[in-house]
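# Chain and residue survey
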Amino acid sequence: MKQRFAADISGLPTFGHGPRSPTWWGTLGFMALEGTGFALAAGAYLYLAMLWPEWPLSAPRPNHWPGTIVTLLLIISLVPNHILHGYAKECAIVPVRIWLVAMSLLGIAPLVVRWFEFPALNIYWDTNAYGSMLWVLLGLHTAHLITDVGDTIVLTVLMFTHHGKSGRRFADVGDNVFYWDFVVVTWLPIYLLIYWVPRLG
């Protein structure tokens, strides 16, 4: 009989970061779907703006300050977000815990300001097509913001338990960092559409 040899793969890692993780690809697919939703909503807004020359339909322009504060908070959060990513790739439990707490707080902060941002639109969702589109755009982004902040808080809690000792959790932190970048980047064109396109007319 021919002798067979079995390869010893016990030394291979049990998890991977970035594209080496199946969850990363799932996150990328989810972002592609959600990005399409944002693009469709933005396209609908621009289409309506082209139909009506007097956009925003005789409505007062939104107060841009709450939205601007949210924008600044989100941009600032990118720095600790990527610091967190670096420590997650090193599987450094203590710094990951610290920066996850920081990111949880930096995620809650724009949500607090967002509470004041909706009334600062100066129009209700049922006033006209312009008002409906503003609330749809802001509502879509708020839903994604809440989703990622919730995920960050759950990860933070897990990292302070015995689950945090699992290498897989560090990969989850990397996926969370990836999605937060998506939340920040998608907000920038929405911010321009809501607060600055109406001022161009």
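In this text, all values refer to a predicted model and were calculated from it rather than measured experimentally.

In this structure, Tyr45, Val96, Leu121, Val173, Trp187 and Ile194 are the most contacted members of the largest nonpolar core, which totals 43 residues. Listing elements by their share of this core, those giving two or more residues are helix 1 (22–51), helix 2 (64–90), helix 3 (93–117), helix 4 (129–159) and helix 5 (167–195). Discounting residues that sit within four places of it in the chain, Leu121 has contacts with Pro60, Pro62, Leu134, Trp135, Leu138, Ile194 and Tyr195.

What follows deals with the packing of helix 2 against helix 3. Running from N to C, helix 2 and helix 3 point in directions that differ by 165°, and their axes come no closer than 9 Å. The pairing of helix 2 with helix 3 is recorded here as roughly antiparallel in orientation. Considering only the axes of helix 2 and helix 3, their crossing is left-handed. The class makeup of the residues in the contact of helix 2 with helix 3 is 20 nonpolar, three polar and two charged.

Here the focus is empty space enclosed by the protein. Here the structure, examined in full by the defined rule, presents one cavity of 30 Å³ or more. Of the pockets and cavities examined, the largest cavity occupies roughly 40 Å³. In terms of lining, the largest cavity is formed by Asn81, Met103, Ser104, Gly107, Asp148, Val149, Thr152, Asn176 and Trp180. Of all the elements in the fold, those that place two or more residues in the lining of the largest cavity are helix 3, helix 4 and helix 5.

On to the pattern of salt bridges, then. Evaluation of the coordinates by the stated rule reveals two salt bridges. When the shortest N-O distance is used, the salt bridge between Glu117 and Arg114 registers 2.5 Å. Placement of the pair is Glu117 and Arg114 together in helix 3, with a separation of three residues, close to one helical turn. A relative accessible area of 0% means that Glu117 is categorised as buried. Since its relative accessible area comes to 1%, Arg114 is described here as buried.

Reading the values: rules and limits
- Residues numbered from 1 in each chain as written.
- Predicted model: local features only at pLDDT ≥ 70, side-chain atom pairs only at ≥ 80, totals over all residues.
- Heavy atoms only, no water.
- Core = buried A, V, L, I, M, F, W, Y, C linked by side-chain atoms within 4.5 Å.
- Buried < 20%, exposed > 50% of the residue type's maximum accessible area, 1.4 Å probe, protein only.
- Helix = DSSP H or I, 4+ residues; strand = E, 2+ residues; numbered from the N terminus.
- Contact = heavy atoms within 4.5 Å.
- Axes fitted to C-alpha atoms, helices over the stretch in contact; angles between N-to-C directions.
- Parallel < 35°, antiparallel > 145°, perpendicular 65-115°, else oblique.
- Left-handed = near helix turned anticlockwise from the far one by under 90°.
- Nonpolar A, V, L, I, M, F, W, Y, C, P; charged D, E, K, R; others polar.
- 1 Å grid on protein atoms, 1.4 Å probe; cavity = no way out; pocket = protein on both sides within 12 Å on 5 of 7 lines; lining within 4 Å.
- Points joined across faces, edges and corners; volume = space filled by probe spheres on them.
- Salt bridge = Lys/Arg side-chain N within 4 Å of Asp/Glu carboxyl O.

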